[in-house]
Amino acid sequence: MSLFHHNLALLDLLAPALAERLRSDREDESVVVMNTSEGVPTLGIRRDSNLFLLHHPNEPLADTRRFLSTVSDAQSGWNYVIFGLGLGYVPLCLLESRVCLPNLLLLVEPSLSVFRAACQAVDLRPLLECTACRLLVGLPASATYETLCSHLIQIQANQAVVIKYSPTEKLYPNWMKEQEEAFAEAWRFGETSLITKQQCGPQFVSNLFRNLPAFVRSRGVRRGKGVLTGTPAVIVAAGPSLRKNMDRLPDLRKHSLLIAVDTVLDRLLDADITPHLAVTLDPSELNLRHFRKDSYPGVRLAFDPESCPVTERFGSETLTFVTDHAPFFDWLDSTLGPKGKIPKGLMVSHLGFHLAAYWGCDPIILVGQDLALDPETGDTHDSAAAFLQKVSFNDKEVFWVPGLNGGQVPTLKKLLIYLRTLERDILHISSRVIDATEGGARIAGTDILSADEVLATIHDTSFDFESFWSWLGVGLSSSGVDLTAARQEITRRLSSLADSILTTASPSTEDLDSLSASLFHDPITEYFVGHLSAATLFDFFKWGPANADEQQKGRELLRRYTALSTAIHHTLNHLPASPDTTT
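Given the structure is predicted, the values throughout are model-derived calculations rather than measurements.

**Concerning the sheet that holds strand β2 (residues 42–47)**
So, point 1. Strand order across the open sheet formed by three strands is β1-β2-β3, with antiparallel pairing between neighbours. Looking at which strands have only one partner, the edges of the open sheet turn out to be β1 (30–34) and β3 (50–53). With direction set aside, neighbouring strand axes in the sheet form an average angle of 35°.
So, point 2. For β2 and β3, the ladder comprises four bridges, and the chain directions are antiparallel. Paired with Gly44 across the bridge in β3 is Leu53.

**Side note on a nonpolar patch on the surface**
So, point 1. Together, Val227, Trp471 and Val474 give the surface a local cluster of nonpolar side chains, amounting to about 260 Å² of exposed area.
So, point 2. Within the secondary structure, Val474 is located in the loop between α17 (465–473) and α18 (483–499).

**Some words on the sheet that holds strand β6 (residues 133–137)**
So, point 1. The sheet built from four strands is open, its strands ordered β6-β5-β4-β7 with parallel pairing. Unpaired on one side and paired on the other, β6 and β7 (161–164) mark the two borders of the sheet. Strand-to-strand twist of the sheet, defined as the mean angle between neighbouring strand axes without regard to direction, takes the value 10°.
So, point 2. One ladder, built from five bridges, connects strand β5 (residues 104–109) with β6; its direction is parallel.

**Considering the pairing of strand β4 (residues 79–83)**
So, point 1. A large share of β4 lies buried, amounting to five of its five residues.
So, point 2. Burial of β4 is two-sided: the residues Asn79, Val81 and Phe83 facing one way and the residues Tyr80 and Ile82 facing the other way are all buried.
So, point 3. Judged from the five bridges that link them, β4 and β5 form a sheet pairing that is parallel. Bridge pairing in β5 places Asn79 opposite Leu104.
So, point 4. Since β4 and β5 lie parallel, the crossover through helix α4 (residues 89–96) that links them has a hand, and here it is right-handed.

**Quick look at the pattern of salt bridges**
So, point 1. Tallied over the full model, the rule gives 33 salt bridges.
So, point 2. Note that Lys344 is salt-bridged to Asp304, the shortest N-O span being 2.9 Å. With a gap of 40 residues between them, Lys344 in the loop between β15 (341–342) and α14 (348–358) and Asp304 in the loop between β12 (301–303) and β13 (318–320) connect regions that are remote in the sequence.
So, point 3. The shortest N-O distance in the salt bridge between Lys390 and Asp379 comes to 2.6 Å.

**Structural notes on α4**
So, point 1. Across the eight residues that make up α4, a large majority, seven, are buried.
So, point 2. Regarding α4, the residues found buried are Tyr89, Val90, Pro91, Leu92, Cys93, Leu94 and Leu95.
So, point 3. Buried residues along α4 sit in contact with α3 (60–68), β4, β5, α6 (125–128) and β7.

Criteria and cut-off values
- Residues numbered from 1 in each chain as written.
- Predicted model: local features only at pLDDT ≥ 70, side-chain atom pairs only at ≥ 80, totals over all residues.
- Heavy atoms only, no water.
- Pairing = 2+ DSSP bridges.
- Helix = DSSP H or I, 4+ residues; strand = E, 2+ residues; numbered from the N terminus.
- Axes fitted to C-alpha atoms, helices over the stretch in contact; angles between N-to-C directions.
- Patch = residues over 30% accessible without salt bridge, like charges linked within 9 Å, V, L, I, M, F, W, Y side chains within 5 Å.
- Areas by Shrake-Rupley, 256 points an atom, 1.4 Å probe, with all protein chains shown as cover.
- Salt bridge = Lys/Arg side-chain N within 4 Å of Asp/Glu carboxyl O.
- Buried < 20%, exposed > 50% of the residue type's maximum accessible area, 1.4 Å probe, protein only.
- Right-handed = clockwise from strand over helix to strand, strands pointing away.
- Contact = heavy atoms within 4.5 Å.

In structure tokens:
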């Protein structure tokens, strides 16, 4: 068997889609492989009459080792992101020099032809057999972002060593810039997520317990999955451009499913516009400032079970679901549902977007979705929104992004994260998405139309929301659902986990692995410890230097076992009081 087929066989196990592309996809570069005095090959890329070398012409391995000697944390780090692979010498030499395997070795290469040449010319077994290795070849930067996001807690706790391979950067400068931006976006998202969980985790849990009776009583989204195929949906957000289209919402409502974020609900009702559905997501009690009325007769509310409780103001006209926020919600749905599952999203308009996509709506029309500051006033929201702030454009937290109407518009860090997340979400649905905001940031993947142009497109469509609402409620019953039993099961699992903690000054690696597996393999304990003791649990994820001596490893092991034990006990002692279990 040739070297290529040996590598390919291993690649079939590590990255089967990439292996198939190596077998079938065409060349994207003119690659030249040459022998060297070291007995290993070097590689060049021919463009026009020029040959650009990706490695030293005579000593590719020695040159790589010299380069790695200048990389900080090459020995002590746990996570590595290498942009530009060439023949694989950088990660191969990195692995050979370490005392232990890394936690993450993310290899990102722009050219399939270069990687094919590496598989043909170099024994890549140390990489392809490495459990930490993730390979992204010839893929968009969004794939890098998504891969990094799946390892965020380890990266945030132990940092990541980013290695930009300079010969690759010289040949693919735009690609390298996109990869750097993807890493920066993932890091910003990780920071925001970590801060949110540490600051709001207890609030998420408290809200969940308070919302459970309403969760059981409410309709679920499940029966509507795919039912509204071909029905337009309008998602009304609270951006500063909403004022441009307020007068078009009554006509849009006649021909579509009109979903409004809680931030603008009272503003719409005061203008005699009743959305078919209002949506609420924010866990903070500050969110109550959006609900200025004591009751909302005739208004239907879709609520995230972790959102600030407000369902009593809407009577029985409520809708709910579970999310992909954590595996715990699959358990919740099987125990107290089924209600149906949609993506969590990062902002309340995301919730409306995901609902419309789940039900099959097409097109999905965005109104008031600026995701940017008002370029004239610096306003963050519509003028009537409770969360309205004015931001100076000189603020260091202001970023500039392409605008829907051309040029650059100002935005904030969190809005930029929301923007990029929405753009990625749009890529994963089949519905057409129209941006009728008429202002704000340009949202990639959307078609830009004015509200009047949208009306001209959908004016022949009619939508009977009352029939759909009734359909969602068919078979709804809370009989046989025991909230007390669900609460007792949560407490039992946490108590059982706490009972398994050893009282010892010298825990072994096996003790730590066993306790960790018990926590993270149980969706209930993973959720509650992760939210009620996020800061302490984060300390457990810090592993210490990879090249630590035995004495230091022992200290790190005790520290991590103590952090994990403390987090479990803290969670059990701070579980919220039982909610009213009347259903």
